[in-house]
Amino acid sequence: MRLKQLRKENRLRQADVAKVLNVTPEAYSMWESGARQMSLNNLVALSRFYGVSLAYLAGVSEERRAGGGLNADENALLDWFSRLDEADRGLLLSLARNLAGNKKYEK
């Protein structure tokens, strides 16, 4: 699995990823080291969080995204996000959640 690789690429600590998954840092550490297996729900959550396919996350494919890559705006947003400190990332994620929860974005 590419848990550690993706975490490091995104300049995150194990505690940061554990918080995203709502688990303890110790539980996440065991998944990253391979001592325990992660649930499918958590794998899907990380796949979405990192913007990669499950196959890439599991290490069975070199294709990061199913169906192709990111567009220029998505790549720019990820680049800007990677430059933020933890506090600013939290603010941006909170804003994104609030915007996505807006009624005009409901399907």
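Conventions we followed
- Residues numbered from 1 in each chain as written.
- Predicted model: local features only at pLDDT ≥ 70, side-chain atom pairs only at ≥ 80, totals over all residues.
- Heavy atoms only, no water.
- Helix = DSSP H or I, 4+ residues; strand = E, 2+ residues; numbered from the N terminus.
- Rg over C-alpha atoms; globule rule 2.2 N^0.38 Å.
- Buried < 20%, exposed > 50% of the residue type's maximum accessible area, 1.4 Å probe, protein only.
- Contact = heavy atoms within 4.5 Å.
- Patch = residues over 30% accessible without salt bridge, like charges linked within 9 Å, V, L, I, M, F, W, Y side chains within 5 Å.
- Areas by Shrake-Rupley, 256 points an atom, 1.4 Å probe, with all protein chains shown as cover.
- Salt bridge = Lys/Arg side-chain N within 4 Å of Asp/Glu carboxyl O.
- Core = buried A, V, L, I, M, F, W, Y, C linked by side-chain atoms within 4.5 Å.
- Axes fitted to C-alpha atoms, helices over the stretch in contact; angles between N-to-C directions.
- Parallel < 35°, antiparallel > 145°, perpendicular 65-115°, else oblique.
- Left-handed = near helix turned anticlockwise from the far one by under 90°.
- Nonpolar A, V, L, I, M, F, W, Y, C, P; charged D, E, K, R; others polar.

## Quick notes on the overall build of the chain
- Check the secondary structure of the chain and you find seven helices and zero strands.
- Listing the helices and strands of the chain from first to last along the sequence gives α-α-α-α-α-α-α.
- Here the chain has a C-alpha radius of gyration of 14 Å; the compact-globule value for 107 residues is 13 Å, and the two agree.
- Considered along the principal axes of its C-alpha atoms, the chain spans approximately 40 × 30 × 30 Å.
- Among the 107 residues that make up the chain, the fraction classed as buried is 25%.
- In the chain, 47% of the contacts between residues at least 6 apart in sequence involve partners at least 24 apart.

## Quick notes on a nonpolar patch on the surface
- A cluster of nonpolar side chains, Leu-77, Trp-80, Leu-92, Leu-95, Leu-99 and Tyr-105, forms an exposed patch at the surface whose accessible area comes to about 610 Å².
- When contributions to the nonpolar patch are tallied by element, the ones reaching two or more residues are α6 (72-83) and α7 (86-100).
- The dominant element in the nonpolar patch, judged by the number of residues it contributes, is α7, at three residues.

## Some remarks on the nonpolar core
- Tyr-28, Met-38 and Leu-46 are the most contacted members of the largest nonpolar core, which totals 15 residues.
- Elements supplying a minimum of two residues to this core: α1 (3-9), α2 (14-21), α3 (25-33), α4 (40-50) and α5 (54-58).
- Apart from residues lying up to four places away in sequence, Met-38 is in contact with Leu-3, Leu-21, Tyr-28, Trp-31, Leu-43 and Leu-46.

## Let's talk about the packing of α2 against α4
- Direction vectors running N to C along α2 and α4 enclose 115 degrees, while the axes themselves pass 10 Å from each other. On the basis of the axis angle, α2 is roughly perpendicular to α4. The hand of the α2/α4 crossing is right-handed. Across from Val-17, Val-20 and Leu-21 in α2, the residues of α4 making contact are Asn-42, Ala-45, Leu-46, Phe-49 and Tyr-50.
- Across the contact of α2 with α4, the residue classes tally to seven nonpolar, one polar and no charged.

## Quick word on the pattern of salt bridges
- Under the criterion given, the structure shown has five salt bridges.
- Glu-9 is paired through a salt bridge with Arg-64; the nearest N and O atoms lie 2.8 Å apart. Of this pair, Glu-9 sits in helix α1 while Arg-64 sits in the loop between α5 and α6; the two residues are 55 residues apart in sequence, bridging distant segments of the chain.
- By relative accessible area, Glu-9 is classed as partly exposed at 39%.
- Among the salt bridges present, the one from Glu-86 reaches Arg-13, with a minimum N-O distance of 2.8 Å. With Glu-86 in helix α7 and Arg-13 in the loop between α1 and α2, this pair connects stretches of sequence that are 73 residues apart.
- Overlapping salt bridges, with partners in common, bring together Arg-13, Asp-16 and Glu-86 in one network.

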